[in-house]
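Structure at a glance
If you want the building blocks of each chain, they are given just below.
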Amino acid sequence: MSKLLLKNGIIFDPFNNIAGEIKDILIEEGKIVEKFSNEKDVKEIDVKGKTVIPSAIDIHSHIASQQLSWIRLLGINNAKFKQGWKGLTSESIAKSYISNGFTFILEANVFPSLVKHTIFNLKQIPVLDKAILLNLSNYWPLELEFQRGMEEEATIFLSDLLEMTKAFGFKVYNPFEAENWNFQKLRENLSEKGRLYNFNPIDIYEKFIKYNEKLKLPHSIHAHIEGYENTEGKKNLNLLIEKIQSLDLSSILANTSKFERKQILHLAHASSYNIDGDNNNIINLLNNNDKFDLDLGFCGFNEINPLITDDRRLINSLQNNANPYKLFRSAVEFEGDTFATFRTFDKKNKIHCNIWANALDLALNIKNIWQMQFSINFPNYAMVEDIPEILTWLISKEARDDFMKDLNQESLKNHNLKNSNKELNFNDIVILSRSSPAKSLGIGFYKGNLGIGADGDLNILNINVNEINLSKEYKKLASSLRNIEFVIKEGEIIKKGDNFNLKNNGKLFWSKGRTKIEKKASVLNKKEEFFQKYYSIFYDTMKYELPTNFLREIK
Ligand SMILES: [Zn+2]
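Here the structure is a predicted model, which is why all the values come from computation and not from measurement.

**Looking at the overall build of the chain**
- The helix and strand tally for the chain stands at 18 helices and 22 strands.
- In summary, the chain has a C-alpha radius of gyration of 23 Å against a globular reference of 24 Å for 555 residues, a match within 12%.
- Summarising its shape, the C-alpha atoms of the chain cover approximately 65 × 60 × 50 Å along the three principal directions.
- Relative to its full complement of 555 residues, the chain shows a buried share of 51%.
- Pairs at least 24 residues apart make up 81% of the contacts formed inside the chain by residues separated by at least 6 positions.

Shown next as structure tokens:
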């Protein structure tokens with residue numbers, strides 16, 4: 001029976017409105033408790049003068065997939081990749097995340113028939129807890145539901161799919177773009193109907209919001225907008241904003257507790273849509289509407305970046321610009337296209353500089369920190385090792401002005417960021433990287449939280465943040481974040497100084513939501529028939545028996 005006592009730490013626990021108070025934290029059998037069941041065998045760590053915060057949570061990453069396996073293959077003879085990214089092995093991914101204080105990561109984009117591959121790889125990432133989002137945006141078995149509404153049938157099918165694949169929620173990504181491209185054509189925008197289906201791609205976002213809320217899943221839909229990093233991204237984003245605002249969604253999400261999400265739509269890597277550098281559309285939307293939230297997508301300008309995407313337009317524009325790297329592409333029957341390649345972010349490239357500045361601009365100008373989450377679209381935009389430096393850009397104008405000197409001044413001269421004096425404080429950073437992602441994912445009861453009953457997941461930083469001026473002494477903060485003294489998961493020390501404890505496996509969080517079971521047999525029979533007729537795999541082959549001690553169902 002393990003018991004851990006952290007004595008006299010400087011605690012930051014935003015869910016419970018604690019910001020810099022001296023307190024003890026007690027963990028017994030993996031959970032934070034008010035007092036121990038008895039005083040026997042208590043391990044004590046004196047954390048006087050040190051800062052204690054919840055562990056970090058990555059709400060948007062690509063850490064286990066067929067595409068990531070391709071990246072490893074593509075990079076096999078690339079020195080920059082092998083050194084800088086340590087080959088992106090499962091163990092190097094785990095160590096990077098743990099070193100930076102993470103205990104939970106979300107793999108944000110997997111086609112249902114490829115989930116087995118993803119879970120196989122996730123199991124090889126030790127210690128960390130994980131979850132998977134299913135990408136069903138091109139999914140032909142849902143065509144009838146997309147055409148005719150049929151919410152009940154859709155939710156019964158979706159719930160079964162989640163249970164079978166042990167996924168956590170839904171990614172909505174360029175609906176039916178793959179189908180469109182079969183005619184070698186990029187559509188103008190998301191309101192253009194396809195040739196093989198008679199619904200509007202933009203309506204898929206609305207339908208998924210309705211299915212998701214009917215199922216009462218922990219997380220909202222997780223949206224990627226077609227044309228990111230291209231001018232079409234902004235047009236499509238604005239179309240979507242207009243569309244969602246025209247719906248009466250006020251009653252769709254009932255009152256929730258402070259540990260649960262408020263949003264019905266999560267926008268992925270929000271830095272990537274306004275490549276002109278003008279973020280007013282997103283800032284105004286979020287400042288007037290709490291039904292939306294977003295992860296920020298910070299850019300780190302690495303020597304080389306893997307690119308894992310399903311976005312056809314981005315791949316076409318990279319090919320047109322003579323990207324020197326090889327490309328893998330796969331079309332997964334009726335589920336969609338996937339791509340993997342490398343690229344390099346360039347400090348002189350206007351679009352790249354705007355993506356960099358956009359993440360900061362959004363973080364500084366959206367009023368409610370709880371509507372945003374830290375992300376680097378890993379590994380697409382930055383390395384986990386870049387996070388301490390990126391956080392200094394938020395906390396110190398001096399730090400970001402210093403970094404900005406090397407960027408394209410022409411592109412930044414009119415950017416909002418250039419004239420902004422705003423700075424976040426340490427508590428904001430804890431919200432952004434820890435508590436807000438937990439809330440958005442609907443797991444705030446357990447994660448991002450140091451209250452009684454939460455998982456004993458936390459970081460001990462060898463710094464007293466109450467005693468230093470972070471805006472000026474940002475390098476001290478970065479160094480304490482770069483060398484987190486202790487990372488603790490469910491009461492176990494998983495990192496102490498340079499030593500890791502990678503014994504445990506971590507859990508796969510999943511949810512099937514809530515649905516009626518009356519019509520289940522007839523709905524699923526039809527789906528099984530559909531697979532038998534039109535697909536090369538049977539519906540049941542997606543089922544994967546997993547040990548119960550690897551799974552954690554969120555209800
Ligand atoms: Zn992504």
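**A word on the packing of helix H13 (residues 387-395) against helix H17 (residues 474-482)**
- As a packed pair, H13 and H17 sit with axes 9 Å apart at the nearest point and diverge in direction by 150°. As for the relative orientation of H13 and H17, their crossing is right-handed in sense. Each of Pro388, Glu389, Leu391, Thr392 and Ile395 in H13 lies in contact with H17, whose residues at this interface are Tyr474, Leu477, Ala478, Leu481 and Arg482.
- Class assignment for the residues of the contact of H13 with H17 results in 7 nonpolar, 1 polar and 2 charged.

**So, the packing of helix H6 (residues 151-165) against helix H18 (residues 520-534)**
- Relative orientation of the contacting elements H6 and H18 amounts to 75°, with a least axis distance of 9 Å. In terms of their interaxial angle, H6 and H18 are classed as roughly perpendicular. Residues Glu153, Ile156, Phe157 and Asp160 of H6 form the contact with H18, whose own contacting residues are Lys520, Val523, Leu524 and Lys527.
- In the contact of H6 with H18, the residues fall into 4 nonpolar, no polar and 4 charged.

**Let's talk about helix H8 (residues 203-215)**
- Counted at 1.5 Å a residue, the expected span for H8 with its 13 residues is 18 Å, and the 18 Å between its end C-alpha atoms agrees.
- Those residues of H8 that fall on the buried side of the exposure criterion are Ile204, Tyr205, Lys207, Phe208, Ile209, Tyr211, Asn212, Glu213 and Leu215.
- Along its buried surface, H8 packs onto helix H5 (143-148), H6, strand S9 (169-173), strand S10 (221-224), helix H9 (231-246) and strand S11 (265-267).
- Just downstream of H8, Lys216 is the residue with a positive phi angle, here 50°.

**Points about the domain arrangement of the chain**
- Under the domain assignment, the chain is made up of domain 1 (3-54 + 446-500) and domain 2 (56-409).
- The interface is formed by 20 residues belonging to domain 1 together with 18 residues belonging to domain 2.
- No other element matches the 5 residues that H17 contributes to the side of domain 1 that touches domain 2.
- Grouping the constituent residues of the side of domain 1 that touches domain 2 by class yields 10 nonpolar, 4 polar and 6 charged.

**Observations regarding the sheet that holds strand S13 (residues 305-309)**
- Spatially, the 3 strands line up as an open sheet ordered S13-S15-S14, and their pairing is antiparallel. For this open sheet the edge positions go to S13 and strand S14 (328-332), each flanked by a neighbour on one side alone. Each adjacent strand pair in this sheet contributes to an overall mean axis angle of 10°, direction not counted.
- Alignment of S14 against strand S15 (residues 336-343), held across 5 bridges, turns out to be antiparallel. Within S15, the residue paired with Arg329 across the bridge is Phe339.
- Across the sheet, helix H1 (residues 66-74) touches S13, S14 and S15, and the angle it forms with S15 is around 30°.
- Along the sheet face, helix H11 (residues 312-320) touches S13 and S15 and points at about 40° away from the line of S15.

Cut-offs used in this document
Residues numbered from 1 in each chain as written. Predicted model: local features only at pLDDT ≥ 70, side-chain atom pairs only at ≥ 80, totals over all residues. Helix = DSSP H or I, 4+ residues; strand = E, 2+ residues; numbered from the N terminus. Rg over C-alpha atoms; globule rule 2.2 N^0.38 Å. Buried ≥ 20, exposed ≤ 12 C-beta atoms within 10 Å, placed from the backbone. Contact = placed C-beta atoms within 7 Å. Axes fitted to C-alpha atoms, helices over the stretch in contact; angles between N-to-C directions. Left-handed = near helix turned anticlockwise from the far one by under 90°. Nonpolar A, V, L, I, M, F, W, Y, C, P; charged D, E, K, R; others polar. Parallel < 35°, antiparallel > 145°, perpendicular 65-115°, else oblique. Expected span 1.5 Å × (residues − 1). Domains from an automatic or database assignment. Pairing = 2+ DSSP bridges.

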